[in-house]
Amino acid sequence: MSGNIDEESARKQARIRLQKIYEAAVRAVQPAALLKKTVRISGSTLWVESPLGTLRLPLRGDLYVIGVGKGVDLTGELWEELFKDRLKEGILLVRDRFPTDPLKRFSIFAGGHPIPDQRGAIATQRCLHLLGKVKTDDNIIFLLMGGASSLLVKPAPGITLDDKKAVTDCLLKSGMAIAEMNCIRKHLSEVKAGGLLRAAYPGKLLTLVVSDVIGDDPTVIGSAPTFHDPTTFKDAWRLIQRYDLLQEIPPRVRDHLFRGVRGLIPETMKPGSKLVAHSPFILLANNQDALLAAKNKAESLGFGATIVTSQLSGDTQTTARKLCSFLTQIHKDRKKYRLPHCFLLGGETTVEVRGQGKGGRNQEFALASALELTGYPGIYMLSAGSDGSDGPTEAAGAFVDGKTISRARGMGLEPYCALHNSDSYNFFRPLGDLFCPGPTGTNVLDFKIALLY
């Protein structure tokens, strides 16, 4: 009995520390805090600090702000305080609304994510209407954050919103990487792949970005609404074929892509565009920034800390097995790292949905890890999305350790069945191992946080 109490106490303490490290990572990439450090006004000039230097932007005409993504509504008060009467109008399009004080010059909309919906379509039309007012001397600041590919939606001519919903569902279940999904989405949209940048002309547009993409590729983040697109209709068509989706996607989508391949539909905005060249694109934060904050927090809690990578990718279960092999080897040979030690990884793995269960890539990663860590006491892990969500669930991910599987089997839960049926959520829920922080107000991919004692 005493052993069980000690074991439970150790698990509880590890989870408290895992959560504190996660919270430190999320706190470091809050959009309003980032903007406070990055953007200032002096006289009639906007100054923006970036790793590449300081950008000076003269403010002559009217000033507009559009923000799209998870947490952009938390920046509304800051924009109004910063720009005051210079700000003509603003629109913020989000997934989850946070309680905020009423704003004088902003309209806030919520849209569907990860599947686009009519709310997002209406909000996108409002953004286009705002941009239609822009004149030559006007400035537009566009804040781009994770979730924009779903939230910002205007299907290409001949494609319906229902078509977009259906094809998005297919892509999400296919196991595609985000760059591959966005290649297809860019070729089905009027606002992605530079579409919003075209709509902003002749105004001067500045894009500020919190990246939710491995490598921070501006051609991929949010499906590049204000940037060029090096991919083609042929690339999109090849991906549909490679993932065997020709018979799964709606006929109008298939026909649209095929017409694009034949050159009957104009391509997306390509590299070399003068509009892109004159529209600065500045990165505010990414997964690496969050991991650095997590490392500092872990060290303050008494752990040695190592950032393993911020570019974790590949099949979720395969990647989980590789990470756990690394962790268990350290557990056996304790000479290389000072214990207790915290290992930090960031990125985004992919999942091919195989069954009718419920879950997300972080919960599946946790379940695959739990199987590999069985029998290794003193290893505790949290796999969680930085935005506070994971798949179509209220959980961001799950906690696991060397006893997770034995606890589960003691309750009649079968881990291999859950993996086979993509049902990690219903595996972890009765165990009390789901991690549910709620929406965090930001999105910089996922975190894997492992503690070794």
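Refer to the preceding data block for the structure.
Residues numbered from 1 in each chain as written. Predicted model: local features only at pLDDT ≥ 70, side-chain atom pairs only at ≥ 80, totals over all residues. Heavy atoms only, no water.

S.K.: Is there a simple way to explain the pattern of salt bridges in this structure?
M.R.: A side chain with one charge can pair with a side chain of the opposite charge if their charged atoms come near. What the rule picks out here adds up to 25 salt bridges. Three or more residues joined by partner-sharing salt bridges are found here, namely Glu 7, Glu 8, Arg 11 and Asp 401. (Salt bridge = Lys/Arg side-chain N within 4 Å of Asp/Glu carboxyl O.)

S.K.: Can you help me understand the packing of aromatic side chains in this one?
M.R.: Between two aromatic rings, the relevant description is the distance of the centres plus the angle of the planes. Taken as a whole, this structure holds 12 aromatic pairs when the rule is applied. Three or more aromatic residues joined by ring pairs make a cluster, and in this case those are Tyr 22, Phe 399, Phe 435 and Phe 447. Here Lys 358 stacks its cationic end above the ring of Tyr 425, 4.5 Å away from the centre of that ring. The ring of Phe 365 is capped by Lys 448, whose NZ or CZ atom sits 4.1 Å from the centre of that ring. (Phe/Tyr/Trp six-rings, centres within 6.5 Å; stacked < 30°, edge-to-face > 60°. Lys NZ or Arg CZ within 6 Å of the ring centre and 35° of its normal.)

S.K.: Looking at this model, I keep getting lost on the environment of Leu 413. Mind explaining?
M.R.: With respect to the helices and strands, the residue Leu 413 is situated in the loop between α15 (404–410) and α16 (415–420). Look at Leu 413 and you get buried, because its relative accessible area is 18%. Each C-alpha atom, one on Leu 413 and one on Ala 290, is 34 Å from the other, the two residues being 123 residues apart in sequence. When neighbours within four sequence positions are excluded, Leu 413 is seen to be in contact with Ala 408, Phe 427, Pro 430 and Leu 431. (Helix = DSSP H or I, 4+ residues; strand = E, 2+ residues; numbered from the N terminus. Buried < 20%, exposed > 50% of the residue type's maximum accessible area, 1.4 Å probe, protein only. Contact = heavy atoms within 4.5 Å.)

S.K.: I would appreciate a short explanation of the pairing of strand β11 (residues 341–347) in the present structure.
M.R.: Looking along a regular strand, one sees the side chains alternate between the two faces of the sheet. In terms of burial, β11 is a largely internal element, 7 of the 7 residues being buried. Residue alternation in β11 divides its side chains into two sets, His 341, Phe 343, Leu 345 and Gly 347 and Cys 342, Leu 344 and Gly 346, and both sets are buried. Following the chain from strand β10 (residues 304–312) across helix α13 (residues 316–332) to the adjacent parallel β11, one finds a crossover that is right-handed. Bridge analysis of β11 against strand β15 (residues 446–452) gives 7 bridges, and the strand direction is antiparallel. (Right-handed = clockwise from strand over helix to strand, strands pointing away. Pairing = 2+ DSSP bridges.)

S.K.: Would you mind showing me how to read the sheet that holds strand β2 (residues 45–50) here?
M.R.: Across a sheet, paired strands are connected by hydrogen bonds in the backbone, their directions being either parallel or antiparallel. One open sheet accounts for 3 strands, arranged β1-β2-β3; its pairing is antiparallel. Each having just a single partner strand, β1 (39–42) and β3 (53–58) make up the two edges of the open sheet. In this sheet, neighbouring strand axes are inclined to one another by 25 degrees on average, regardless of whether the strands run parallel or antiparallel. Here β2 runs beside β3; their pairing, made up of 6 bridges, is antiparallel. Its bridge partner being in β3, Glu 49 is matched across the sheet by Thr 54. (Axes fitted to C-alpha atoms, helices over the stretch in contact; angles between N-to-C directions.)

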